[in-house]
Amino acid sequence: MTVHPKFTLSVQGMSCASCVGRVERGLSSIDGLGDVAVNLATESAQFSATPENVAAAVAKLDELGYPARTQKVTLNIQSMSCASCVGRVDKALEAVPGVLSVSVNLAAETATVVYAEGVTSVQDLMKASADIGYPASIAEAGATQDRSERKAEEARELAKKMAIAAAFALPVFLIEMGGHLVPALHHLIASTIGQQASWVLQFVLTSIVLFGPGRAFYTRGVSALLKGAPDMNSLVAVGTGAAYLYSVVATFLPNLVPAEVRAVYFEAAAVIVVLILLGRFLEARAKGRTGAAIQKLLGLQVKTARVLKGGEMSEVPIETLAIGDVVVVRPGERIAVDGEVVEGSSHVDESMITGEPIPVAKSSGSAVTGGTVNGAGGLQFKATRVGADTTLSQIIRMVEEAQGAKLPIQGLVDRITLWFVPAVMMVAALTVLIWLIFGPDPALTLALAAGVSVLIIACPCAMGLATPTSIMVGTGRAAEMGVLFRKGDALQQLAEIGVVALDKTGTVTEGRPELTDLVLGEGFDRSFVLARIAAVEARSEHPVAEAIVRAAEAEGLERLDVEDFSSITGHGVSALVEGKRVLVGADRLMAREGIEIAPLAGEESSLAKRGRTALFAAIDGKLATVIGVADPVKPSSRAAIAALHAQGLKVAMITGDKRETAEAIAEETGIDTVIAGVLPDGKVAALSELKAANGLIAFVGDGINDAPALAHADVGIAIGTGTDVAIESADVVLMSGDLRGVVNAHEVSRRTMHNIRENLFWAFAYNTALIPVAAGALYPAFGMLLSPVLAAGAMALSSVFVLTNALRLRRIRPAMDETRPEVAVLPDAAAVPAE
């Protein structure tokens, strides 16, 4: 009888014995799980199972509504050099019991692992990685900073190794290749030191190159080969080792090699190491630049802040700031943490957070964001978010998570590269065998050259770098433009959508009603009328009333005293203002009070057709005005929707407002489809209808009452406020607060996916095309055989090409010009929201 190991899961949400019973029955129903024991006191479930069944147990607990507690850790992984390494690390970590998901990133040299709490530990994960030859450590906070510094140090170390290798390889290359190319040099060497001494000198110099700067290829490559998991280092070690050993035999045991094929390939082995070190150097330097966006974000974090306590001001480290501390900011200084202004006024440049170029006015009560730059005024603000809770810290965390994500397109790459290196070694062996059997003289020499060329040229570095480097650069550039990809797969899906569905209030429109029209009756003055209407409406809490009061305040009108206020349900309001009776309400109120509205009835009808909410006002029994109140369309909405159309997307709007209002907004902004009169819980059904007709769909909302719709859409895009970025239900968060961010997000997604496809095409086409060339496919027809040295150069070029191509994404510009006023649409109105 097989005895399975026991596992213990930490279970959430159990509150009584019936919960325990449900969990026990659910787990017991899984084939392969036995000895199930659930403990309410310790909130745990113990069972015996095969390691593979732990994931099934976790899934069952989620299904039952009692999820297992999980942990997430990011590990720095050393020694990964190609896509095959990624596959092996991924496979080793997935095999650890309790691991639920793994995402290994070659460009960032990290592995992000989600595992069930209590089943395994971080130490187990690090051991699993180290056991297969890839030492791991926990990536602490600031890992991006550490990685950038590590890659810079690695680049410096590789440059040093490359310089040493080149210094010793150059004489070998000149002696051997120079002798072939320049007959006089060959005769000079033969007549002075002689061929044998020349070969011994090459042996000494090449040995220094291989076992000095190139030693890592052999220590890592041979170790991986002996474990049955060859990687790129193995290909280099076998290829250069074969050339070197053949040359050693030809030099010191010449009788073992037929005279007609007695030659040395020391220069090939030495130059290959130099070229691969050059490729690694360029690769390390480029990898360091892929994290440049986060480096910029990290650079926004200040080190110290001035805190005011008891009338005394002192400079303290940023880490010691607490919520409630009053921080003093001088002109031109960077704001330390998120807070609320308590004293002073200034303009703050928030472009590094929101992407908006125009400084924002700040005064008492305004919110400020850590990392932004104060203008010419002085501010004092109370800290409201510190440490990891600040907006900037959240942005950095989101970008790092997105950069470490594995896109669906990467799955195919991983499956191919896991067996790619062993397949290449088999092809190289087969190549040597075919040349030995069918090749012309000198068959052994040609077989060796072809076999080494196949091994070197087929290193799958470019395959492993193709996707993660583009993701890192693309999501980093997006963050600089105020677009945060919270989930990596949204980057791929956003490029594939066919329609963008928009919430109306706060997305297309400003989100709060404004007074748009005040058409006066005969004999009335605007200030006189507006001051009295505002005085009455100040007693009401209706959104329309708030819009009227704000308009009066904006015009600097005096707040008048009100007496005898009354609200007439379904009609309007009434009050005495400075002894005059003021009525504000619908036409029904005027009819009830016997006030003739005919003089302004045409204006009221026109306002309604334009999507305004129209109200009448009368003073002492005379019709004074008809008022138009609306939720204005954001200035950028029309241009943004036109830009989405230009990108080939359809645009729909889902709103709770009545159809007339929605149609007015759609006509004004160019929206294609309108779904009106929808309650918040009906938006999910509306999205399903749109998806059925148009394919993948993105939904854009404000992230507050749109959470179900954001979660249901293929890509949920939340419009942030510049500070509120922790919107859990969204896949993408826009910091700028308007639809231009949607255009930019789609542009980044489209360009990044195009870049990934270019990289993958290059990586796969390169290997597919050049392996046969390296094996000698052109020799029968053209007498051409690829030199191992050229193969090494081509292999290094492949990786550098992929990295350089990915870095082009740093040059992405916003799809919309946010500084030109002509791209904006003047504010117009839409009726007061029903959402």
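Everything quoted here is computed from the prediction, not taken from an experiment. Here the residue index of a chain counts from 1 through its sequence in written order. Selection of residues for local features in this predicted model requires a pLDDT of at least 70, selection of side-chain atom pairs for listing and counting requires 80 or more, and totals for whole chains, interfaces and linings are taken over all residues. Only hydrogens and water are set aside; all other atoms, that is, all heavy atoms of the structure, feed into the side-chain values.

Engineer: How should I be thinking about the overall build of the protein in this particular structure?
Structural biologist: Counting its secondary structure elements, the protein contains 29 helices and 29 strands. Here a residue-residue contact requires only that any non-hydrogen atoms of the pair lie within 4.5 Å. For the protein, the share of sequence-separated contacts (at least 6 apart) that also reach a separation of at least 24 residues comes to 71%. Accessible areas in this description were obtained via Shrake-Rupley with a 1.4 Å probe; residue shielding takes into account the shown protein chains only. Per element, the accessible surface of the protein, about 35200 Å² overall, is 57% carbon and sulfur. Only runs of H or I of at least four residues qualify as helices and only runs of E of at least two qualify as strands under DSSP, and these elements are numbered from the N terminus.

Engineer: Any chance you could explain the UniProt feature "transmembrane region" (unreviewed entry) in the protein here in plain terms?
Structural biologist: UniProt positions are given in the numbering used here, feature names are shortened, and annotations may be inferred rather than shown by experiment. Summarizing the sequence annotation, UniProt attributes the feature "transmembrane region" (unreviewed entry) to residues 163-185, 197-214, 235-257, 263-282, 416-438, 444-467, 760-779 and 785-807 in the numbering used throughout. Within residues 197-214, the helical portion is 83% and the strand portion 0%, while the C-alpha atoms at the span's ends are 24 Å from each other. Across residues 263-282, helical content stands at 85% and strand content at 0%; the span's end C-alpha atoms are separated by 33 Å.

Engineer: Looking at this model, I keep getting lost on the packing of aromatic side chains. Mind explaining?
Structural biologist: Two descriptors summarise a pair of aromatic rings, namely the distance from one centre to the other and the angle between the planes of the rings. Pairs were defined over the aromatic rings of Phe, Tyr and Trp, the Trp ring being its six-membered one, requiring ring centres within 6.5 Å. Orientation was assigned from the angle between planes: stacked under 30 degrees, edge-to-face over 60, tilted for the rest. All told, the structure shown has nine aromatic pairs when counted by the stated rule. Measuring from ring centre to ring centre gives 6.4 Å for Phe7 and Phe47, while their planes differ by 45°; the resulting arrangement is tilted. Placement of the pair is Phe7 in strand β1 (residues 6-10) and Phe47 in strand β3 (residues 44-48), with a sequence separation of 40 residues. Three exposure classes are used, based on accessible area relative to the maximum for each residue type with a 1.4 Å probe and protein chains only: buried under 20%, partly exposed in between, and exposed over 50%. For Phe7, a relative accessible area of 7% translates into the label buried. Given a relative accessible area of 0%, Phe47 falls into the buried group. An angle of 20° between the planes, with centres 6.1 Å apart, marks the rings of Phe203 and Tyr244 as stacked. A residue pair is termed long-range when its members are at least 10 positions apart, and Phe203 in helix α7 (residues 195-211) and Tyr244 in helix α9 (residues 232-252) qualify at 41 residues.

Engineer: It is not clear to me how the sheet that holds strand β29 (residues 732-734) should be interpreted in this structure. Could you clarify?
Structural biologist: Strands belonging to one sheet form pairs held by backbone hydrogen bonds; the direction of such a pair is parallel or antiparallel. By the convention used here, strands pair only if DSSP detects at least 2 bridges between them. Pairing within the open sheet is mixed, and its seven strands lie in the order β17-β29-β28-β27-β18-β25-β26. Two strands bound the open sheet, and with one partner strand each, they are β17 (483-485) and β26 (673-675). Put simply, the sheet's adjacent strands are angled 20° from each other on average, direction ignored. Strand direction decides the pairing type here: strand β18 (residues 499-503) and strand β27 (residues 697-701), joined by four bridges, are parallel. Counted as the bridge partner of Val500 is Ala698 from β27. Its contacts with the sheet place helix α25 (residues 683-694) against β18, β25 (650-654), β26 and β27, and it is angled at close to 160° to β25. Note on method: axes are straight lines fitted to C-alpha atoms, helices fitted across the in-contact stretch only, with angles between N-to-C directions ranging 0 to 180 degrees. Sitting on the sheet, helix α27 (residues 740-775) touches β17, β18, β27, β28 (715-719) and β29, and the angle it makes with β17 is about 50°.

Engineer: How should I be thinking about the pairing of β28 in this particular structure?
Structural biologist: Regular strands place side chains that alternate from one sheet face to the opposite one. Buried residues dominate β28, accounting for five of its five residues. Residue alternation in β28 divides its side chains into two sets, Val715, Ile717 and Ile719 and Gly716 and Ala718, and both sets are buried. The pairing of β27 with β28 spans four bridges and is parallel. For Gly701, the partnering residue across the bridge sits in β28 and is Ala718. Judged from the three bridges that link them, β28 and β29 form a sheet pairing that is parallel. Its bridge partner being in β29, Ala718 is matched across the sheet by Val733.

Engineer: Help me understand helix α4 (residues 122-131) in this model?
Structural biologist: Among all positions in α4, only Val122, Leu125, Met126, Ala128 and Ser129 are buried. All buried residues of α4 fall inside an arc of 160° around its axis, so they share one side. Looking at α4, the residues exposed on the side facing more than 90 degrees away from the buried face are Gln123 and Lys127. The arc refers to the directions leading from the helix axis to the C-beta atoms.

Engineer: Please explain α7 as it appears in this structure.
Structural biologist: In an α-helix, one turn spans 3.6 residues; hence positions three or four apart end up facing the same way. Between its first and last C-alpha atoms α7 spans 24 Å; for 17 residues at 1.5 Å apiece the expected length is 24 Å, and the two agree. Looking only at α7, the buried set comprises Ser198, Trp199, Gln202, Leu205, Thr206, Ser207, Val209 and Leu210. In this analysis, the expected span of each helix is defined as 1.5 Å times one less than the number of residues it contains.

Engineer: Please clarify how the side chain of Ser10 should be interpreted in this entry.
Structural biologist: In this structure, Ser10 sits in strand β1. Overall, the relative accessible area of 15% leaves Ser10 in the buried class. Residues contacting Ser10, with those up to four places away along its chain left out, are Glu43, Ser44, Pro67, Ala68, Arg69 and Glu117.

Engineer: Please clarify how the packing of helix α1 (residues 17-28) against helix α2 (residues 53-64) should be interpreted in this entry.
Structural biologist: The axes of two packed helices give the description: the angle between them and the distance between them. Put simply, α1 and α2 touch, their axes get as near as 10 Å, and they point 140° apart. With respect to α2, the axis of α1 lies oblique. For the pair α1 and α2, the sense of crossing is right-handed. In contact with Arg22, Val23, Gly26 and Leu27 of α1, α2 contributes Ala57, Lys60, Leu61 and Leu64. Within the contact of α1 with α2, the residues separate by chemical class into five nonpolar, one polar and two charged. Angle categories: roughly parallel below 35 degrees, roughly antiparallel above 145, roughly perpendicular from 65 to 115, and oblique for all the rest. For any pair of crossing helices, the crossing counts as left-handed if the nearer helix is rotated counterclockwise from the farther one by less than a right angle, and right-handed if it is rotated clockwise. For this classification, Asp, Glu, Lys and Arg are treated as charged, while Ala, Val, Leu, Ile, Met, Phe, Trp, Tyr, Cys and Pro are nonpolar and the rest, including Gly, are polar.

Engineer: Help me understand the sheet that holds strand β21 (residues 572-577) in this model?
Structural biologist: Overall, antiparallel pairing links the six strands, which are arranged β19-β24-β23-β22-β21-β20 in an open sheet. What marks the edges here is a single partner per strand, and that holds for β19 (514-520) and β20 (562-568). Here the average twist between neighbouring strands, direction ignored, is 20°. Strand direction decides the pairing type here: β20 and β21, joined by five bridges, are antiparallel. Bridge assignment links Val562 to a residue of β21, and that residue is Val577.

Engineer: What's the story with a nonpolar patch on the surface in this structure? I'm lost.
Structural biologist: Without a salt bridge and with relative accessible area above 30%, a residue can belong to a patch; like charges are then joined within 9 Å and nonpolar side chains (Val, Leu, Ile, Met, Phe, Trp, Tyr) within 5 Å. Salt bridges are counted wherever a side-chain nitrogen of Lys or Arg sits within 4 Å of a carboxyl oxygen of Asp or Glu. Together, Leu430, Leu433, Ile434, Leu436, Ile437, Phe438 and Leu444 give the surface a local cluster of nonpolar side chains, amounting to about 690 Å² of exposed area. With six residues, helix α14 (residues 408-438) is the largest single contributor of residues to the nonpolar patch. One can find Leu430 in helix α14.

Engineer: Teacher, can you tell me more about the environment of Ala107 here?
Structural biologist: Relative to the helices and strands, Ala107 is located in the loop between β5 (99-105) and β6 (110-116). As for Ala107 and Ser470, which are separated by 363 residues in sequence, their C-alpha atoms are 9.2 Å apart.

Engineer: I tried to follow the packing of helix α15 (residues 443-457) against α27 on my own but got confused; where do I start?
Structural biologist: Taken N-terminus to C-terminus, the directions of α15 and α27 make an angle of 165°; their axes are 8 Å apart at the nearest point. By the angle between their axes, α15 is roughly antiparallel relative to α27. Here α15 runs over α27; the crossing is right-handed. On α27, the residues that touch Ala450, Ser453, Val454 and Ile457 of α15 are Tyr766, Asn767, Leu770, Ile771, Ala774 and Ala775. Tallied by class, the residues present in the contact of α15 with α27 amount to eight nonpolar, two polar and no charged.

Engineer: I tried to follow the nonpolar core on my own but got confused; where do I start?
Structural biologist: Side chains that are nonpolar tend, in soluble globular proteins, to be buried together. In this structure, Met80, Leu125, Phe485, Leu502, Ile717 and Leu739 are the most contacted members of the largest nonpolar core, which totals 131 residues. For this core, the domains that each give at least three residues are domain 2 (70-140) and domain 4 (483-509 + 635-746). Beyond its immediate chain neighbours, meaning those up to four positions away, Met80 contacts Cys85, Val86, Val89, Val104, Asn105, Leu106, Glu109, Thr110 and Tyr134. Residues belong to a common nonpolar core when they are buried Ala, Val, Leu, Ile, Met, Phe, Trp, Tyr or Cys residues joined through side-chain atoms within 4.5 Å. Start and end positions for the domains come from either an automated domain assignment or a database one.

Engineer: How should I be thinking about the confidence of the model for the protein in this particular structure?
Structural biologist: Any region with low pLDDT has predicted coordinates that should not be read closely. Confidence scores labelled pLDDT are given residue by residue by the predictor and lie between 0 and 100. With 86% of its residues at a pLDDT of 70 or more, the protein has an overall mean of 81. Averaged over each element, pLDDT in the protein is lowest for helix α6 (residues 183-192) (66) and highest for strand β10 (residues 326-329) (93). Per-residue pLDDT stays below 50 along residues 818-835; that stretch engages in 62 contacts with residues further than four places along the chain or on separate chains.

Engineer: How do you make sense of the pattern of salt bridges when you look at a structure like this?
Structural biologist: Working definition: two side chains of opposite charge can pair if their charged atoms are close together. Under the defined criterion, the tally for this structure stands at 20 salt bridges. One salt bridge in this structure joins Glu157 and Lys160, with 3.9 Å as the shortest N-O distance. Here Lys160 and Glu157 lie together in helix α5 (residues 143-181), a separation of three residues that amounts to about one turn. Under the relative-accessibility criterion, Glu157 is labelled partly exposed at 33%. Where Arg477 meets Glu480, a salt bridge forms, and the shortest distance between an N and an O atom there is 3.0 Å. Taken together, the residues Arg477 and Glu480, both in helix α16 (residues 461-480) and three residues apart, mark about one turn of the helix. Judged by relative accessible area, Glu480 falls into the partly exposed class, the value being 24%. Through salt bridges with shared partners, one network takes in Glu747, Arg750 and Arg751.

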